[in-house]
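Topology and contacts: notes
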Amino acid sequence: ASVGVLTLLLFRLLGSTAEDYFSPALEMIATEFDIPPPLAGVTLLALGNGAPDVSAVVNAIRVNPEEGLPLSLGELTGGGMFVQTVVVGRVIFLSRDRVQCQGELRRDVAVYGVAASLVFFVCSQGRVYFSGVLLMFAIYCIYVATVVTSEIRRHYKSTLLIADKSESETLSAASSFEE
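None of these values were measured; they are calculated from a predicted model.

Turning our eyes to something else, we now look at the overall build of the protein chain. A tally of helices and strands in the protein chain yields five helices and zero strands. Seen in sequence order, the protein chain has helices and strands lined up from the N terminus as α-α-α-α-α. Counting only residues that meet the buried cut, the protein chain has 11% of its 179 residues in that class. Taking the contacts inside the protein chain whose residues are at least 6 apart along the sequence as the reference set, 49% of them involve residues at least 24 apart.

For the rest of this paragraph, the subject is the pattern of salt bridges. For the structure on display, the rule yields three salt bridges. For Arg 107, the salt bridge is made with Asp 108, and the minimal N-O distance between the two is 2.9 Å. Of the residues examined, Arg 107 reaches a relative accessible area of 18% and is grouped as buried. Between Arg 154 and Glu 151 there is a salt bridge, and its shortest N-O distance comes to 2.9 Å. Residue Arg 154 and its partner Glu 151 are both found in helix H5 (residues 130-178); the two are separated by three residues, about one turn of the helix. Here the salt bridges do not stand alone but share partners, grouping Glu 104, Glu 151 and Arg 154 into one network.

Here is what the cut-offs are and how they apply
- Residues numbered from 1 in each chain as written.
- Predicted model: local features only at pLDDT ≥ 70, side-chain atom pairs only at ≥ 80, totals over all residues.
- Heavy atoms only, no water.
- Helix = DSSP H or I, 4+ residues; strand = E, 2+ residues; numbered from the N terminus.
- Buried < 20%, exposed > 50% of the residue type's maximum accessible area, 1.4 Å probe, protein only.
- Contact = heavy atoms within 4.5 Å.
- Salt bridge = Lys/Arg side-chain N within 4 Å of Asp/Glu carboxyl O.

Don't take any of this as a statement about function, it's just geometry.
This is the structure we're talking about:
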């Protein structure tokens, strides 16, 4: 029972630390460099979220390669599973409106599935080759490029929509002036 209470306390402390320090810093950087929220999420937030994992994995393997590697792989897959189940479930639960599974969410889930399948395939070979690592990195780069392209397209469409609305208002005002 005390382990459960301690775990809940640690999650609460971690959450409040992220809310008080990490999120405002991320928002400030994204605002300062005019980075749209979806792009900030898949780059800055991902980097901030993944940096401790990279550090822990490297140290675990360096200290004891024989036990560190399975521990690291378990940590990474367990962390990914935790995020995809508990964190996503919590986000959906906390949303006031129904979460709609539209373009971005489908894209993200599909890419996550491709990446998880690739990790499974690479690990099932019994040995990780450099080409597998490059392919994993390429999938992430393609994913980020896709998000950037989506944001550019969204910005372009909203600019056209505003221009069309402005033009129709101008024409409407001109026609009422002529009458």
